[in-house]
Structures are given as C-alpha cells and as structure tokens.
Amino acid sequence: MGDNRQNSIGYSLPPVWTKLKQHAVFPHFTHDERARYNFLANLNRYLSTVIAPGVQVAYERRVEPAFKAEHGRTFQNRHELREAISRDAYYQMWAALRRCTMEMRQQNGRAVVLRQAEELAQRVQDTLKGHEDILRLRPGFEVPRYLRHVDNHLMPGSYHTQYFEGDVANAANYDSGLFVTSGGMLGSLTDGGGRAIAKWVRENYPDFKPKRILDIGCGLGHNTLPIAEAFPDAEVWAIDAGAPMLRYGAARAIALGITNVRFVQMDAEDMSEFPDGYFDWVQTTMFLHETGGKAIHKIFKEIGRVLAPGGLTLHIEQPQYTPEMSYFEQFMRDWDAYYNAEPYWGHMHDLQPEDLMEEAGIPRANFMQVGVRAVNDLDQPNGTQVREDYGRSPIWNVFGGWKPK
Amino acid sequence: MKLNDIVMGSDKAKGARPYFFDDPMAERVMNIAMAIATEVAVIRERIDTIERLLEAKGILAQAEIEGFVPTDEQAEERQLWHARYAARILRIVKQELDAVANPEDNKPMHQIADEINEM
Ligand SMILES: C[S@@+](CC[C@H](N)C(=O)[O-])C[C@H]1O[C@@H](n2cnc3c(N)ncnc32)[C@H](O)[C@@H]1O
C-alpha cells in the first residue's frame, strides 16, 4: 500500500494516489494516469532519499576541496557555491533528474485536466448552484505583474490563466498533482499545513475566538478549509488573484461541506475593500515566496491595517536563511528559486521576518516563530519520518505575532 | 470549449529552461528516456491490475504466473521476441558497426550524388 512508514526493508514508500479524496469537483483520472503519478511519486521519493544526499557527499568530498585548493579559501556565499557545484557531474545528474520530474509532473497533470476542462467547469458550476454568493470574481481584475512574469513552479499559465470563461483546468491540475511533488506527505486533502496551524492555534490559544479570519493568497483553499472547520463560527474570507483557483476552491469547499468561507478575487496589495481592523486573524500559507520584492512590503502594510487590535497574524513559510545556515543548505533550499521557477523564493528567504512583522505593526516584543509539522491523515502511528528534502519536507517555519490592543 | 491536450499539454513554462549537463542534447535524450521509463511503469501497473482482477475472479492465481515454465516451443518464440526487441533498441549501435566494417558503403551522400551524376 505505501503509507510513508518505513517498511521491513527500511525504505519509506509514498502512499498510492488513490488515497487522495475524490471530492465532487476532483478531475477524473484513468487507470494509467493514476499509475503515472504513482511512479512519479516514487521516482521523487527515490531521488530525495537516495540520490539527493549524494549531492552533499560530492560537495564535501570534491567540490569544496577543489575550490579551496584553487582559491585558498572556502565559499563566501551560496552564489559562489552554485557556480562551482554546477560543474560537478553528480550534481548535474541529480539536478537534471529533478528538473525532469517536475516537468513530467506538470505535463502529465496538465494533459489530464485539459482533456476534461469543459466537464470540470460544468461540474464546478453545478456544485455552486445555490451557493453563488460564496464566490466573487471581478470582471477586469488586473493580475499582479509579478504573477504574470513567471509560471511559478513550472505550471504553464500559472494560477490566473483561464482558457475559456468558467475554466478551472489549472486549479484542478494543482489540486490533483501536488501529491506527486509532496510525495503524499500533505494528507488525503493536501491540507496538512492548514490542519497543523489550526491545531497549533487551538492548543496554544484555547481562548482565542476569532470572529473574522482572512486567508491571503488562498489558492484553491487547501489550507483555508481546515481553519474554517476548526473555527466553524468564524466568517472566513479567502482572497486570491487567480480566478480558476477561486472558482474551483469555492466548489471544492461546498463539495466538502464547508460553508463559512467566501472566495474573493482581490490583490493583497490593495485590500481597501476591507475596513481597518476588520479581521481577528490574518493568515498566509506558502504565499509570501510567490509575491514580489516591492509587493511584499505593501502586503504587510495592508495586513497591519486590516488586522484588529489584539488580533493574530501568522505566516507559514520555509525557514529563512540565517547566518547559521550553511551555504550548502542555503544553496539546496534556493534550488527551487532558480530551477523550479520560484524566482522570488531566494530573495524572500533573505528577509528578516521580524522586520516584516514590524511593517505590519507587530512590535518585536510580540514576534514569535515556531516550527510546525504537517498533520497528515495518511501517516501511520509510529511512522518513521522521511528525511528532510530542502524545502519539500512537510515541516514549516511559522512566524507572526499579536497586534497590541 | 474543447482544448487540445495533445499540443497544449506540453506547453513550456515561462523563463529559459536551465540545462545541467554540459551537452544539452544529452539531457534532452535523458528526458525522453525518463518519459519512456514512466510509461513502462504504467504498463507494469496495468498488467498488475489485470492479474489481480483475474485472481479475484478465480481465473488464474498469481502463483501460476510466477511458476510458469514455457514449453520448448513457447520458449523459442519468447526468446525470439526478446532478441528482436533488443535489436530494435540497439539499431543505432549496430548500424555504426556496419559503417566501420564496410567503409565502401559508408561514403557521404554528396559524394554518392556526384558519382551518380557521372553514371
Ligand atoms: C503557492 S500558492 C499558495 C496557495 C495556498 N495558500 C495554499 O497553501 O495552498 C500562492 C497563491 O498566491 C496567490 N497570489 C500571489 N500574489 C497575490 C496577490 N498579490 N494577491 C492575491 N493573491 C496572490 C496566487 O494566485 C496563488 O494562488
């Protein structure tokens, strides 16, 4: 079966694709399309657990020694290291294979959803009958420039492209394919991050009763719904720039029986539609690294404005790069920035979260930072965890704070 | 609206594609090989499904497949299939051997063209 647990030979297998919950708007996969994803998930697992560790070996045994011999010193930053390691044959093979699996995952998933795009759009429309008020799209909405500038993580057309009115193809591709890149470590609804944060907040702040919650850059709501579920009395606003994501996300929420979330098309840089202090909790999940160098500051300013005094803001990201982090680790974590089309990833992780929080009106005394692991319903009890794969493992850094009353 | 999944499915993402090998052509070949490897896994999984369904319906047991020993005639047919398959896969190598072994049949086409022009 495969369940992320190490089996008798000590090798951990990803779960099979059929473990994903097939909600009402989930794309249909043929037997062979499922098998393709099962293979790709396994290929990724093998690459990350067997092949990738060798990159560090090659680095330590030959890349760094050769550089030292030539320059009489070691690397002074991760960019210098990238230059040198790019000439190493073992690194080249690993990198080429990793790039190849990312592209195959995109191609395979894209072909699946394109062939049924019409039917998916219809199903979304049918599911939303009687619930139209939970979805608000803006005719003429202008997608932020930086989103149009790149296809993040090599998804052609990114989050915003629609191939016809009502289209949800790219969202359906994202929903059904994240399983492959994450190796099933995010759970049957790909919502391990949201589950983790909801659990953490409830455990640590049992008296916190937010009336209104805002999830910025919600995508198709993978990590919004667990929060809405954990706080059923709250009114949850999920905003995103991508119409296909919002449409699909709204229908998916209804299909999963969650009715306290509304999905609104909005640019997080300008949330003037919301009055000051409107939300008790403002959340972002794996969002900041897909914004832009100017936008991120505008967004934090807006977060500070819409957050109520005494309110909470939390941001789930990968760990920031700090002076204690080795250049090798920084380089490996930075890999996606260059080679998986996540170009803002590196710059974003160079920023200091305390500074960002200050921009949102959270004083340093109120700043907090914790590590949170995905809550995964596919994990077995006593499951041995899979080794860290630089930016792909289901362990995140959460930073944020309480706004003074 | 119907979309063309055959062509659009392979759309490229924005930004130049990085190549990691010194020779991008070698990396392209590797990408094709990995795609074929995927399809082999897909066929393997499909056959596995068929075997398990046949077993569930009591038509055959997987143990029968594992314990299968071909008759001499069947073995000959199967080995022939493998031999032909190997030959198809290694065609390019075999033809390189022909070129080395028979240089008289390995002249450049423009030379042959000039020669034929005189015939
Ligand atoms: C990686 S996805 C994260 C999705 C979601 N938070 C999750 O955890 O599944 C990033 C999302 O941010 C959205 N986004 C980026 N910049 C935005 C902006 N300025 N305003 C609204 N949404 C934005 C993108 O459209 C995309 O759906």
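Residues numbered from 1 in each chain as written. Chains lettered and ligands numbered in written order. Predicted model: local features only at pLDDT ≥ 70, side-chain atom pairs only at ≥ 80, totals over all residues. Heavy atoms only, no water.

Draft legend 1. Highlighting the overall build of chain B. Within chain B, the regular secondary structure consists of six helices and zero strands. The C-alpha atoms of chain B give a radius of gyration of 24 Å, which is well past the 14 Å a tight globule of 119 residues would have. Expressed along its principal axes, the backbone C-alpha trace of chain B runs to roughly 70 × 55 × 35 Å. Counting only carbon and sulfur atoms, one obtains 61% of the accessible surface of chain B, whose full area is about 9,700 Å². For chain B, the distance from the average site of its 15 positive side-chain charges to the average site of its 23 negative ones is 9 Å. (Helix = DSSP H or I, 4+ residues; strand = E, 2+ residues; numbered from the N terminus. Rg over C-alpha atoms; globule rule 2.2 N^0.38 Å. Areas by Shrake-Rupley, 256 points an atom, 1.4 Å probe, with all protein chains shown as cover. Lys, Arg positive; Asp, Glu negative; His and termini not counted. Charge placed at Lys NZ, Arg CZ, Asp CG, Glu CD.)

Draft legend 2. Layout of the sheet that holds strand β1 (residues 135-136) of chain A. Residue and element names in this part refer to chain A. The strand order β1-β4-β3-β2-β5-β6-β8-β7 describes an open sheet built from eight strands, whose pairing is mixed. In this open sheet, the two strands that pair with only one neighbour each are β1 and β7 (367-373). The strands touched by helix α8 (residues 192-204) are β5 (279-285), β6 (307-317), β7 and β8 (395-402); relative to β6, the strand with the most contacts, the crossing angle is about 140°. Here helix α11 (residues 295-306) sits on the sheet in contact with β2 (212-216), β5, β6 and β8, set at roughly 145° to β6. (Pairing = 2+ DSSP bridges. Contact = heavy atoms within 4.5 Å. Axes fitted to C-alpha atoms, helices over the stretch in contact; angles between N-to-C directions.)

Draft legend 3. Focus on the side chain of glutamine 265 of chain A. All names here are of chain A. Turning to its location among the elements, glutamine 265 is positioned in strand β4 (residues 261-265). Among the polar contacts made by the side chain of glutamine 265, one reaches the main-chain carbonyl oxygen of alanine 241 at a distance of 3.2 Å. Setting aside chain neighbours within four positions, we find glutamine 265 in contact with Arg136, Leu137, Arg138, Phe141, Asp240, Ala241, Gly242, Ala243 and Leu246. (Polar contact = N/O pair within 3.5 Å; in protein donor to acceptor, adjacent residues only side chain to side chain.)

Draft legend 4. Structural detail: the environment of aspartate 114 of chain B. Tracing the chain through its elements places aspartate 114 of chain B in helix α6 (residues 109-117). Residues aspartate 114 of chain B and isoleucine 36 of chain B, 78 residues apart in the sequence, show an inter-C-alpha distance of 41 Å.

Draft legend 5. Expanded view of the interface of chain A and chain B. Counting residues at the interface gives 34 residues for chain A and 29 residues for chain B. Seen at the junction of chain A and chain B, the total is five salt bridges. Among the salt bridges present, the one from glutamate 39 of chain B reaches arginine 36 of chain A, with a minimum N-O distance of 2.8 Å. The interface formed by chain A and chain B includes 14 residue pairs in polar contact (both at pLDDT 80 or more). Looking at the side of chain A that touches chain B, the elements with two or more residues in it are α1 (31-51), α4 (89-115), α5 (117-127) and α12 (327-339) of chain A. (Salt bridge = Lys/Arg side-chain N within 4 Å of Asp/Glu carboxyl O.)

Draft legend 6. Quick peek at the site of the ligand. All names here are of chain A. Within the structure, the ligand sits among 19 residues, and Tyr146, Gly217, Asn223, Asp240 and Thr285 are positioned closest to it. Taking asparagine 223, its side chain carries an N or O atom lying 2.7 Å from an oxygen atom of the ligand. Within the backbone of threonine 285, one N or O atom sits 2.9 Å away from a nitrogen atom of the ligand. When the ligand sits alone it has 600 Å² of accessible area, and the protein chains cover 98% of it. When its residues are assigned to classes, the shell around the ligand shows eleven nonpolar, five polar and three charged. (Near = heavy atom within 4 Å. Nonpolar A, V, L, I, M, F, W, Y, C, P; charged D, E, K, R; others polar.)

Draft legend 7. Structural detail: unusual backbone geometry. Residues and elements named next belong to chain A. Positioned with a positive phi, leucine 154 is a non-glycine residue whose angle comes to about 60°. Mapped onto the elements, leucine 154 comes out in the loop between α6 (145-148) and α7 (169-182). In this model, threonine 190 sits at a positive phi of 50°, which is unusual for a non-glycine residue. Position of threonine 190 relative to the elements: it lies in the loop between α7 and α8. Residue threonine 190 is classed as buried on the basis of its relative accessible area of 5%. (Buried < 20%, exposed > 50% of the residue type's maximum accessible area, 1.4 Å probe, protein only.)

Draft legend 8. Looking closely at the nonpolar core. Core analysis: the biggest nonpolar cluster contains 97 residues, and Ile85, Tyr91, Trp94, Tyr248, Phe263 and Leu314 of chain A have the highest contact counts within it. Counting 29 residues, the second largest nonpolar core, distinct from the first, contains Ile239, Val264, Val306 and Leu356 of chain A. (Core = buried A, V, L, I, M, F, W, Y, C linked by side-chain atoms within 4.5 Å.)

Draft legend 9. Examining α7 of chain A more closely. Residue and element names in this part refer to chain A. Taking 1.5 Å of rise per residue, 14 residues should cover 20 Å, and α7 covers 20 Å from first to last C-alpha, within 8% of that figure. Along its length, α7 reaches its greatest deviation from straightness, about 40°, at serine 176. Of all the residues in α7, the buried ones are Ala169, Asn170, Ala171, Ala172, Asn173, Tyr174, Asp175, Ser176, Gly177, Phe179, Val180 and Ser182. (Expected span 1.5 Å × (residues − 1). Bend = angle between axes of the 7 residues up to and from the residue.)

Draft legend 10. Expanded view of the side chain of asparagine 108 of chain A. With respect to the element layout, asparagine 108 of chain A can be found in helix α4. With sequence-adjacent residues up to four places away left out, asparagine 108 of chain A is seen in contact with Arg36, Tyr37 and Leu40 of chain A.

Draft legend 11. Structural detail: the confidence of the model for chain B. All names here are of chain B. Per-residue confidence for chain B gives a mean pLDDT of 92, with 100% of residues at or over 70. Here helix α5 (residues 91-101) is the element of chain B with the lowest mean pLDDT, 87, and helix α2 (residues 24-56) is the one with the highest, 96. Taken over the whole predicted complex, pTM reads 0.91, whereas the ipTM for its chain interfaces reads 0.81. (pLDDT = per-residue confidence, 0-100.)

Draft legend 12. Broad picture of helix α2 (residues 53-71) of chain A. All names here are of chain A. The end-to-end C-alpha separation of α2 is 26 Å, in line with the 27 Å expected for 19 residues at 1.5 Å each. Tyrosine 59 marks where α2 bends most, by close to 45°. Those residues of α2 not exposed but buried are Gly54, Val55, Ala58, Tyr59, Val63, Glu64 and Phe67. Glycine 72 sits one or two residues past α2 and shows a positive phi near 70°.

Draft legend 13. Quick peek at the pairing of β6 of chain A. All names here are of chain A. The buried count for β6 comes to nine of eleven residues, which makes it a mostly enclosed element. In this structure, β5 lies alongside β6, joined through six bridges in parallel fashion. If you follow threonine 285 over to β6, its bridge partner there is isoleucine 316. As for the winding sense of the linkage, the β-α-β connection from β5 through α11 to β6 is right-handed. Here β6 runs beside β8; their pairing, made up of six bridges, is antiparallel. In the strand pairing of β8, isoleucine 316 is matched with valine 398. (Right-handed = clockwise from strand over helix to strand, strands pointing away.)

Draft legend 14. Highlighting a negative patch on the surface. On the surface, a cluster of negative charge is contributed by Asp72, Glu73, Glu76 and Glu77 of chain B. Take glutamate 73 of chain B: its relative accessible area is 62%, and that puts it in the exposed class. (Patch = residues over 30% accessible without salt bridge, like charges linked within 9 Å, V, L, I, M, F, W, Y side chains within 5 Å.)

Draft legend 15. Region of the structure containing a nonpolar patch on the surface. Residues and elements named next belong to chain B. Taken together, the side chains of Trp81, Tyr85, Ile89, Leu90, Ile92 and Val93 make up a nonpolar region of the molecular surface, amounting to roughly 630 Å² of accessible area. Those elements giving two or more residues to the nonpolar patch turn out to be α4 (72-89) and α5. Checked against the element boundaries, leucine 90 lands in the loop between α4 and α5.

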